[in-house]
Every structure is written in structure tokens, then in C-alpha cells.
Number of protein chains: 2
Amino acid sequence: MSKIKKTTIQDVAKYANVSSGTIDRVIHNRGKVSPAKKKKIEEAIKHLNFNPNLLARTLALGKQFMICSLLPESVISQNYWSLPRRGIMQSAEKYKDFGIVLEAYEYSLFDEESFVKQAQIIIDKNPDGVILAPLFEKESISFTQALEEKNIPYIFIDANIPDQNNLSYIGPELKNSGYIAGKLLNSILNMNDDILIVNMVKGIENSSHVWVIEDGFREFFDSNNYTNDRKINSLTIHTTDETEVTRELTKYYIKNPGVKGVFVTNSKAHLISEFHRAHELDGKVIGFDLIEENIASLKNGSIDFLISQNPVFQGGQAVQMLFDYFVYKKTPTEIQYVPLDIIIKENVDFYLNSQ
Amino acid sequence: MSKIKKTTIQDVAKYANVSSGTIDRVIHNRGKVSPAKKKKIEEAIKHLNFNPNLLARTLALGKQFMICSLLPESVISQNYWSLPRRGIMQSAEKYKDFGIVLEAYEYSLFDEESFVKQAQIIIDKNPDGVILAPLFEKESISFTQALEEKNIPYIFIDANIPDQNNLSYIGPELKNSGYIAGKLLNSILNMNDDILIVNMVKGIENSSHVWVIEDGFREFFDSNNYTNDRKINSLTIHTTDETEVTRELTKYYIKNPGVKGVFVTNSKAHLISEFHRAHELDGKVIGFDLIEENIASLKNGSIDFLISQNPVFQGGQAVQMLFDYFVYKKTPTEIQYVPLDIIIKENVDFYLNSQ
DNA sequence: TTTAAACTTGTGTGCGTACACATTTTTTAA
DNA sequence: TTAAAAAATGTGTACGCACACAAGTTTAAA
């Protein structure tokens, strides 16, 4: 194996007839360097194709970068929010020797107060960067304003608030995800099968993203004229509690026995599929996210499609972006949409293994 | 930002009342250490939760790891094999400061001789690890035998040869990919639409994987009794040259005008979809891989589904695995199936951006 | 011409680990 | 009991870079 010697600062110094300190000054343009030497050094760097060794740099720097994440809590170990959290933690672990230190905070989706409280704790911590799932819009904006005052960069994941000064948004293109759901559901229905859209939202204020998804879904049917022979209704349920959901569904199904396809706009599709199984209904179901209950339903055939927005990947990307921003001063793309994975019974296992 | 001091070898040394050299001996079990001290040191490591700093270790080690890859050539910049190559190169670039050096070799799919020749060059290079797409089975086995004699680990990607001593196989589960194709194609066909399977293989010997895919495809229809009202024929074409393919297709379509769905078992689905467009046929098409021509056809609607086996990811994983093997002595899982991404017009862009 | 100020450049140490070599301690054989 | 051999342990330097500080050089004011 032939040794390929990488060029170091010393090589550059020798080539340019200066000491390593002067090279350092040029690289970080710190301190004064005479124009003649500066030019020569720059030429030397280019000529020798010098790239600072990231390991040595990080080691010498000895700096730590604290990242705080603020996501909804995952009481049950396997709910949706455990997934981006896993991605964040895996990625932070990978970069720990590079000085990345992660502190993960959680808020309750039922309690704006908890968000505000945790946000304040983060602000007091004075981190180097923040990863935020901004599901409470108003409170999130207050939070990010405070961060901006302290010059702390922040990244939104999973949900976006437009026109903020976030470093980046990493997450799904919501409208499109609805459109894809429409296309997929349509492909396994007959022309005149009725469709039900189920939205589960706690409060009206912080649920705008649900309407965007529904919009996309309906757009598929409208733009392809698949609406003539069928009804497409939507049902909004203000809870995710199983018994209450069941009650609402029962009410609806009795009045609308023609429903053959159901689209659930959040990760709770399994509630509908379990309802179907319990009542021996054969409706097709499509929903979001690879959480445990959904996976089980997908495998037993009571859910037909899941769309996954790569939550583990989202979390990992966010950490990676902040790392690149800290170390390389690389400003990330403002919006990074994640792939919308189409999951069926036959390929679900491959996704579980690789995340 | 509170500084979180990581425990170092010196901390462990102090705690266990020995010098750092002895710690080193325990960690790498090199040299002799008295049982008493050894026990104490191990306790200290656990107690202080010591993890060697990867950066410092790599820097001090100063070792280089040469990885040679051997894949089919990509004459056109955008054919399929450029994708795993990109993954390999990106990943190698990422790890270059860790001593990873990549040399990429290519062979012609039309020429076993070129494979043998390149393989010999790699053997003479005496690399630390090899990434191989073993499309020529016989020649690949000779190659890997030579590698084994020199104790060089190797990884198969994209295609597998069973019962070899490869460190790992990273690639698709072929039979399943055919099954998924069947399911998807069926979802957009009517019960009595005829189906055509197109295999393009150069020689009989090295094309067994194509039959596995076809098997999986047919299994979907057999196991679901979707075969009664339709014909499912397969057409084998011994070239990928466009004019010849067109001629074969023309011959077939004239004799079999009922074809409404086409499954292409390699990355050349665009040849069929272009044929359809040219002759104003409205058959549905499903194929493999996000290469440029397929993407174009998908977007203009002449291909309906593509299944992507994440070639960029495959390449990246292979490098990552070898790195982990070199540095952490981590033996990878023997088989790592990659996700089979289902790509439609509406989500293709998200996949292009993130790979 | 002298001298301080301003500017420019060089030197040395530390980051955490690996490893060769030096030193100390223990064991063994005479 | 002692010397030599063997075993156990300690020390110092290198890896490539950043940064504080020292040293050297030029400029400007007196």
C-alpha cells in the first residue's frame, strides 16, 4: 500500500519560506501579514492543494458546541416523536468527539405552557444552536426572537413557519404529501368508492398544517376529475383518545356506509384500521409515519399505505447541518424537503432495518 | 455554555494509579499487565466511562486505509453505475482525514477480460479493503479467492454471490423487488390487462439475478390469483441497443396487441416508455432505478413507477462499513438489504435532492 | 541619529492517543 | 546471595493544528 502523504501546514510553510504561524494567520485571516508573503502563501496553498486536517483542527481547538433540541415529548417510547429524536441523538453521538454536545428538551403537545417553560430553560443555557419542531406557532416565534437576540442559530424540523430567520427547514412538503396520498389511495379504489379524510387536531389555532395536507389530497382528485362519482368528506376529531375516536367513527360510519377509503392526516391511522378490523369493515386506509402500531396494521393488511417523511433522517440532518455550520461555516440550504417514502407491507422491513 | 470535560486516558491513569502506557496496554491488550492492575484499570474505565477520542487516536495512528472499488464502468456520466460510485466517493471524501484513500476501478459489462485485468491490478495494489459489484460470477469468485489469500476483506454491493466469505452484502432483496413491482403494476391495471416482462441480458450465464426478479414478480400474481384473466409473458432481449430493442418490441406488440402493462427488470425502462410514446401506446410501465432517462420518462408520465434500490446509499454504506471495520474492528452484518424506494412522479424530486 | 511605537514574523505548548524505548520491579537460576 | 533474565511499568515524542507569547523588523517621531 503506497503511502499518500497529505500536505500539512509545515509543508506550506517550507514552500513559502515562512513559519507555520504566518500560514495560520493567512488561513484564519487573523493578525497582519505583509501583502507579499500573503500572496506567496496563498499561491503555496493552492499549489500544494493544502486542506487543513479536520481531526487535528478539532483536537487543537478543543471547542464544544452545545445543541439543544426541543421536540414534543414521546411518552410512549415508540410514538412519532421518538423517531426524529433518535436521529438527532445518533448523529450527535457520531460527532461527540468533534465537540458536539446535545441536550434534548421536550414539551407537551397539550400544553403551550410547557413549551414556553422549556424554551426559557434553553435560552438560559445559551447553546450554540437549536433544533426546534415549532408546532406551537405563536410560542415558537417568541422563542426564536429570543434566540435571534442572542445570535443563536436555529433549525426547524418536521414543521415550518414561513418568513422566519431559521437557518433551515428540514421536513416534508406537506401539500405534496397529501397529493401523493390521494394518488395512492385512488389507485386501490374503484371509481365510485366514497372517501373519508380524518383529521385529528386538538385546537384550531395550531393545526394549519393539517389543512394543507387535506388540500393536497383533494387537489389530486379535483385535477384528475375523480370526484364525480364519489363523496369525499372530511371528519375532524378533536382528540386522539381511542375510545373517543371510535365513538366519532361509529357515528360517521352509520350515517355514511359507503366509505371505502380513508386518509388519516397524522400518524394515528392505526386507530382507524383497528376500528375497521373490530367491525369487519374492508375499507382501504392510508396514513403517515412508521410508528409501531401503524407498522403492525400495515403488516396485517388493515393499512394499505404509509407515507414516511423520514423522521430519523430529519433529525440526523439537522445535527449535521449545525455541525457543518459550526466547523466549516457552511450555510445550509434554506429549505430541505425530505423524501416522502411510500411504504407498503412488502418493503416496510427494509426501512426499519436501515434507520 | 458549560464545558463538559470528557475523560481522557490521563484521567483513567490517575484514577488507577498507573501511567498512561499501562492503560494503553489494557485497551489494546498489547504487552503484559499484572492481573491486579489490569482489573483496577478495567474498573476505572467503566467507572469513569472512558471512551478513546477517535480524533486523537486516528491522528496518532497516522495509518492510511486504501479501499479499491471495482464496479461496471459508466461511460455515460449518468448511467446506473455512476450512482453507487458517487456514494462511494462522497463517503470516502468524508473520511479522508481519517486516512481513507479510495481508488476506483471499472470494468466493462461486455467484457469479462476487462474485469480480470482490473482485478489483477487491484490485487497487486494490495489494498486494505475492496468493494465489488460481482456481476461476473465466475471471475468474481477467482478474484475474491485471491483476496482471501492475502487476507483482504471485501464487500459485495448491488449483486450478491451466496456462500462467499465476503464481509457483507449491501443491496436489494431481488425477489422482493419483483414482488413489489407486481403489486404496484397490478394496482394500476384492470383485471384482464395483459402484462409483458422485459428482460435484457447479454449472456445467459451471468444473468441469474434477472430470473429471480421475474420470479418474485410472477409470485405476486400467482399467490393472489390475478392470473386467470390475463396473459403474463416474458420477452428476453439480448442487448440494450435502442434500435434492436425497438425491433424486438415491435415484433412482440404486433403479435400481442393486448399488452397493457410492462415490467422491465433492469434500469432500461425508458426504452420501453419511449417506444410507447413514439407509437402512441398507453401501456403502464414499471422499472428500476433513478437514472436520467427514466426520471424524464417518469415525469412525462410514460413510466408510472420506478423502484430505486438506493444505489448512492449502497456505496456510502460500503465505505462506512469498511471504515468501521478498520478503525473499530466492528464486523458488519452479513447481509444488509437496502430500502426499496417506490418512486412516482410526485416524489421523485425529493429523492434527487437528497442523494 | 536615536528610540519608541507599530507592524510583522517566529516559537513553543497543548489537544488525546499510540508506540518505541527506557526504567524499574520481580522472578529465576546459579 | 547475587546476577542475569523476564516481566511490568513509566517516559517521551509524534501526529497536525491553533493560539498565546516572544522576537524580530520597519516606521515615525524627536
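Everything numeric in this text was worked out from a predicted model, so none of it was measured. (Residues numbered from 1 in each chain as written. Chains lettered and ligands numbered in written order. Predicted model: local features only at pLDDT ≥ 70, side-chain atom pairs only at ≥ 80, totals over all residues. Heavy atoms only, no water.)

Asks: Which parts of the structure should I look at to understand the interface of chain B and chain A?
Replies: By a frequent convention, interface size equals the accessible area lost on bringing the separate parts together. Each side of the interface is counted separately: chain B has 44 residues, and chain A has 44 residues. Inspection of the chain B/chain A interface yields two salt bridges. Residue Lys-183 of chain A is joined to Glu-346 of chain B by a salt bridge in which the shortest nitrogen-to-oxygen separation is 3.1 Å. Counting every contact that joins chain B to chain A gives nine residue pairs in polar contact (both at pLDDT 80 or more). Listing elements by their share of the side of chain B that touches chain A, those giving two or more residues are helix 4 (54–61), strand 1 (65–72), helix 8 (174–187), strand 12 (341–343) and helix 14 (348–353) of chain B. Looking at the side of chain B that touches chain A residue by residue, the class counts come to 23 nonpolar, ten polar and eleven charged. (Contact = heavy atoms within 4.5 Å. Salt bridge = Lys/Arg side-chain N within 4 Å of Asp/Glu carboxyl O. Polar contact = N/O pair within 3.5 Å; in protein donor to acceptor, adjacent residues only side chain to side chain. Helix = DSSP H or I, 4+ residues; strand = E, 2+ residues; numbered from the N terminus. Nonpolar A, V, L, I, M, F, W, Y, C, P; charged D, E, K, R; others polar.)

Asks: For this particular structure, what's the right way to read helix 7 (residues 137–149) of chain A?
Replies: Given 3.6 residues per turn, any residue in an α-helix points the same way as the ones three and four places further on. Residue and element names in this part refer to chain A. End to end, helix 7 covers 19 Å across 13 residues, agreeing with the expected 18 Å (1.5 Å per residue, within 8%). Taken together, the buried positions of helix 7 are Glu-139, Ser-140, Phe-143, Thr-144 and Leu-147. Looking straight down helix 7, one finds that the buried residues subtend no more than 130° of arc, so they occupy a single side. Exposed side of helix 7, more than 90 degrees from the buried face: Lys-138 and Glu-149 are the residues found there. Considering only its buried residues, helix 7 is in contact with strand 1 (65–72), helix 6 (112–125), strand 3 (129–132) and strand 4 (154–157). Asn-151, located one to two residues past helix 7, shows a positive phi value of around 60°. (Expected span 1.5 Å × (residues − 1). Buried < 20%, exposed > 50% of the residue type's maximum accessible area, 1.4 Å probe, protein only. Arc of directions from axis to C-beta.)

Asks: Teacher, can you tell me more about the environment of Val-245 of chain B here?
Replies: Residue and element names in this part refer to chain B. Along the chain, Val-245 turns up in helix 10 (residues 242–255). For Val-245, a relative accessible area of 2% puts it in the buried group. A C-alpha to C-alpha distance of 8.4 Å links Val-245 and Ile-272, two positions 27 residues apart in sequence. Beyond its immediate stretch of four places on either side in the chain, Val-245 contacts Met-200, Ile-237, Thr-239, Thr-240 and Leu-271.

Asks: Would you take a moment to explain the protein's contact with DNA strand D for this structure?
Replies: Contacts to DNA strand D come from 24 residues, most closely from Ile-9 and Arg-30 of chain A together with Ser-19, Arg-25 and Lys-32 of chain B. At 2.6 Å, a backbone N or O of Ser-19 of chain B approaches a phosphate oxygen of DNA strand D. Note that a phosphate oxygen of DNA strand D is positioned 3.0 Å from one of the side-chain N or O atoms of Thr-22 of chain B. When residues of the surface near DNA strand D are traced back to their parent elements, those giving at least two are helix 4 (54–61) of chain A together with helix 2 (20–27) and helix 4 of chain B. Here the surface near DNA strand D gets four residues from one element, more than from any other, and that element is helix 4 of chain A. A breakdown of the residues in the surface near DNA strand D according to their chemical character gives ten nonpolar, eight polar and six charged. (Near = heavy atom within 4 Å.)

Asks: When you look at the sheet that holds strand 9 (residues 284–288) of chain A in this model, what are you seeing that I'm missing?
Replies: Strand pairing in a sheet relies on backbone hydrogen bonds, with the paired strands running either antiparallel or parallel. Residue and element names in this part refer to chain A. Read from one edge of the open sheet, six strands run 7-6-8-9-10-12, paired in mixed fashion. Each of the sheet's edge strands pairs with one partner strand only, and the pair in question is strand 7 (232–237) and strand 12 (341–343). With strand direction ignored, the average angle separating the axes of adjacent strands in the sheet is 20°. For strand 6 (residues 194–200) and strand 7, the ladder comprises six bridges, and the chain directions are parallel. Looking across to strand 7, one finds that Met-200 is bridged to Ile-237. Across the face of the sheet, helix 8 (residues 174–187) comes into contact with strand 6, strand 8 (259–264), strand 9, strand 10 (305–308) and strand 12 while running at roughly 160° to strand 10. (Pairing = 2+ DSSP bridges. Axes fitted to C-alpha atoms, helices over the stretch in contact; angles between N-to-C directions.)

Asks: Any chance you could explain the protein's contact with DNA strand C here in plain terms?
Replies: Near DNA strand C, the surroundings consist of 25 residues, among which Ser-19 and Arg-25 of chain A together with Ile-9, Arg-30 and Arg-57 of chain B are the closest. Backbone atoms, meaning sugar and phosphate, make up 67% of the atoms of DNA strand C lying within 4 Å of the protein. In this structure, Arg-25 of chain A approaches DNA strand C through a side-chain N or O atom, which is 2.3 Å from a base oxygen. Looking at the surface near DNA strand C, the elements with two or more residues in it are helix 2 (20–27) and helix 4 of chain A together with helix 1 (9–16) and helix 4 of chain B. Take the surface near DNA strand C: its biggest share by element is four residues, from helix 4 of chain B. Grouping the constituent residues of the surface near DNA strand C by class yields ten nonpolar, nine polar and six charged.

Nothing here speaks to function; it is geometry throughout.
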